[in-house]
Structure formats: structure tokens, C-alpha cells
Amino acid sequence: MTALKWGLIGASDIAATRVIGAIRASGGDAVGIYSGSGDRARDFAASHEMPNVTTALDELLGWDIDAVYISSTNDKHFDQAIRALRAGKHVLCEKPLALSVEEARAMVDLAEQRDLILAANHHLPGSPLHAKVRELVNAGTIGTVLSAKVAHAVLLPERLRGWRLGQGTPGSGVILDITCHDASVLNPLLGTPVAVSAVAVQQAAWNTGGQEDAAMTVIRYERDGQAPVLAQTHDSFTVGYAKTSLEVHGTAGTLIVTDAMTQETEGQLVLTTESGSQTIDVDCSDDLYVINLRAFTSAVEGTGIPTASGKDGLLALKVALAAQESALSGCTVHIN
Ligand code: NDP
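Analysis parameters
- Residues numbered from 1 in each chain as written.
- Predicted model: local features only at pLDDT ≥ 70, side-chain atom pairs only at ≥ 80, totals over all residues.
- Heavy atoms only, no water.
- UniProt positions renumbered as here; feature names shortened; annotations may be inferred.
- Pairing = 2+ DSSP bridges.
- Helix = DSSP H or I, 4+ residues; strand = E, 2+ residues; numbered from the N terminus.
- Phe/Tyr/Trp six-rings, centres within 6.5 Å; stacked < 30°, edge-to-face > 60°.
- Lys NZ or Arg CZ within 6 Å of the ring centre and 35° of its normal.
- Core = buried A, V, L, I, M, F, W, Y, C linked by side-chain atoms within 4.5 Å.
- Buried < 20%, exposed > 50% of the residue type's maximum accessible area, 1.4 Å probe, protein only.
- Axes fitted to C-alpha atoms, helices over the stretch in contact; angles between N-to-C directions.
- Contact = heavy atoms within 4.5 Å.

Where an unreviewed UniProt entry is consulted, the chain appears under the name 1,5-anhydro-D-fructose reductase, with the organism given as Arthrobacter gyeryongensis. Heading Sequence similarities (unreviewed entry) of the UniProt record for the chain holds this comment: "Belongs to the Gfo/Idh/MocA family."

Shown next, in the form of C-alpha cells:
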């Protein structure tokens, strides 16, 4: 596998805790870091043994690198990705890809025009558990799919209670943070998302940012020649003691994944049909972020596809933006 040379854009928690390790585990080299703050860039580079630091994005784009990993706050993704693509770099961008459909589409179009890989760093669709669910559903194991439910209610760790909660920060709130991830799992499983209704609230006493921290969403999916499918998601920063899960219900059976929506690969998949319930064995030994980095690397090599392409990231964003609009307006929002 090619040893990709990576420039990191954003001295973030997710880069530090997950993605630098995954870059290295996929055979890549983390060449250096761009941050808006020189001190943060230097501290980050020292902690993670990277030789280069800069506070000028154009300087990073001039380094000898093949690809950039963007994990800045959500409002910066669009500008940084466009500049990286114009500089001829492949882009792995954190979710949400951008703050509007138009921006995300411009990123996808530019990557296509320049023949570069653009991927969204959605870690869940690459999970072996979710891949197995898609395989079983596509094989007709549970008959015709009727509905799905995602429980993705977690307690936001204290260290992450910054920009995610701030109403004044573009791109904050639980819907762009978590509902977006749910959509990255549901879209490839259920068909085309066509309509979204959501209710969002602010619950936590520690949420002084004013942005919504809990949301429930219903999505209508359509597939050629089949009855519409209903999906329901519960996304929260405020729930401390729940397990995450995915349920998929069909005319001939039900699939339930517990621990389905975490950053770890662990989890259990149970199939129930008229013959009873059985646990399906799934090899969960690979780290989800390493799976993503390997898939991205093979896409650059031309031997594979990313876990979530730019187009997949765009569709997940469409669902999340529709949920956000619905929560604000109280109306169902239709997706073209
Ligand atoms: P962080 O808050 O850790 O970092 C985001 C930005 O905030 C950094 O780029 C940095 O700016 C700035 N920053 C970091 N630390 C400080 C500080 N101490 N003081 C001031 N500014 C600081 O964000 P996350 O890692 O939580 O999220 C980053 C992105 O990754 C988001 O788009 C998020 O949605 C996504 N994400 C994805 C996950 C996944 O599983 N795919 C999981 C978690 C997050 P600068 O650029 O200037 O260095």
C-alpha cells in the first residue's frame, strides 16, 4: 500500500486521539500540522512527533504532501478543502463536509474536475458490523425493509463542550454533529432520503452555548419499486447511561446491533426471524479510523473506494441540514 504523506489541518482532539494513529497504522506519514495558533501548532507537533508546523495554510499546501486531513471546526472545512483541492491535494475532510449543500457540492465537483479523492471521515459506515447489516439486508435476509431506528444518545465529554454548543459558532449543535453520522449509516442502507421531520431541544444545565443538545428525527426513504421506509434517530449530548444501537425491521426479520454508533469497533449483531434469534459473528478486530485511512489510501492508489466518498458526505449533510431546518421551522423538509 502506498505510503501517503499527510498534512494535518487543525490541531484537534479527533486528530490527536484517533486519526494520527490511524494515518500511521495505514502506512502513512504525518508530515506536519497547520493551526491558527503557533503555540498550539508547536505543542501539537511536539506531542505527536511531527517535524513541520505552520500557521499559514498555503505554506502547508506547498509541503511535499499527497493529502490533507481537515479536522478544524465545521465552519472552516469548505474554504480549507477548496484551497487544498486547488493545490492538487487529496482531501479527507471531517464531517460535516461543509455548512451548506452548495458548499459541499462545490467540493465534490472540484475534486471530480481535478481527479482527486475527496472523502468524508464518517467512521461508522466502514464498521464491519454495519457492512454486515448492509450485506444481510441486500441479500433479503429480513425480507422487505420497513423501518430503522438509531439510538445515538451519548454524554458529550467535558473536553468537547466548547464550539459544539455555541449558538454563535456556525456549524454547532447536536444535529450537525451526530445526526449527520446517523445519516452516513442509514443512507447506504435504506435508499434515497426524501423527507425529514425533526424536533430539537436544549436540555443540559451545562449547555450555556444556547445550541440544541438533543434531537429526534424521522426520515422517509424511498427505493425503486418498494414501499417507503421510515427511519427514526435519537441523538443527544445529554444521556449518560444508554447504549447506542441500530435496529432494522423487515417483513421477514429484524436486525439489531448494540454498541452500533461508537468510536470503537466492538458491538453485537443479532438476527431474529421466525426461526428464532441468533448472534451473527462479525470480526471487529480492526479500528474504525484505520479502516477509513486504508480505504482512503486505496482510493488514491486507484484500487478501492473511500468508506464515505465526497458524495456520501454531501448526502449525509443534506439529511442533517434538513433536520436542522425542520427543527427550526416545525415543518417537514423535503430533499431534492
Ligand atoms: P476540537 O475542538 O478539538 O478542534 C477543532 C479546532 O479547534 C482545532 O482545529 C483548533 O483550531 C481549535 N482548538 C483546539 N483546541 C483548542 C484550544 N485549546 N483553544 C482554542 N482552540 C482550540 O474539535 P474536535 O476534534 O472535537 O472536532 C474537529 C472536527 O472533527 C469537527 O469537524 C468534528 O465534527 C469532527 N469530528 C469527527 C469525529 C469522527 O468520528 N469522524 C469525532 C469527533 C469530531 P486550529 O485549526 O486553529 O488548530
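Once the structure has been displayed, the description carries forward.
(A) A look at the pairing of strand S9 (residues 214-222). Sheet topology note: the strand S8 (residues 192-201)/S9 ladder contains nine bridges and is antiparallel. Bridge pairing in S9 places Ser-197 opposite Val-218. As paired elements, S9 and strand S10 (residues 229-236) share eight bridges and run antiparallel to each other. Residue pairing in the sheet places Ala-215 in a bridge with Asp-235 of S10.

(B) Structural view of the packing of aromatic side chains. Taken as a whole, this structure holds one aromatic pair when the rule is applied. Above the ring of Trp-206, the side-chain terminus of Arg-161 is found at 3.7 Å from the ring centroid.

(C) How the structure looks around the nonpolar core. Residues Trp-6, Leu-8 and Leu-246 are the most contacted members of the largest nonpolar core, which totals 103 residues. For this core, the element with the most residues is helix H7 (residues 174-190), which contributes ten residues.

(D) Looking closely at the UniProt feature "domain: Gfo/Idh/MocA-like oxidoreductase N-terminal" (unreviewed entry) in the chain. Listed under "domain: Gfo/Idh/MocA-like oxidoreductase N-terminal" (unreviewed entry) in the UniProt record, and renumbered for this structure, are residues 5-122. Span residues 5-122 is 44% helix and 21% strand, its end C-alpha atoms 21 Å apart.

(E) Main features of the sheet that holds strand S1 (residues 5-9). An order of S3-S2-S1-S4-S5-S6 is seen for the six strands of this open sheet, with the pairing classed as parallel. Among the strands making up the open sheet, the edge pair consists of strand S3 (52-54) and strand S6 (118-120). Strand-to-strand twist in this sheet, taken as the mean axis angle between neighbours without regard to direction, amounts to 20°. Relative to strand S4 (residues 67-70), S1 is paired through four bridges, and the arrangement is parallel. In the strand pairing of S4, Leu-8 is matched with Tyr-69. Packed onto the sheet, helix H8 (residues 288-301) meets S1, S4, strand S5 (90-93) and S6 and runs at close to 160° relative to S5.

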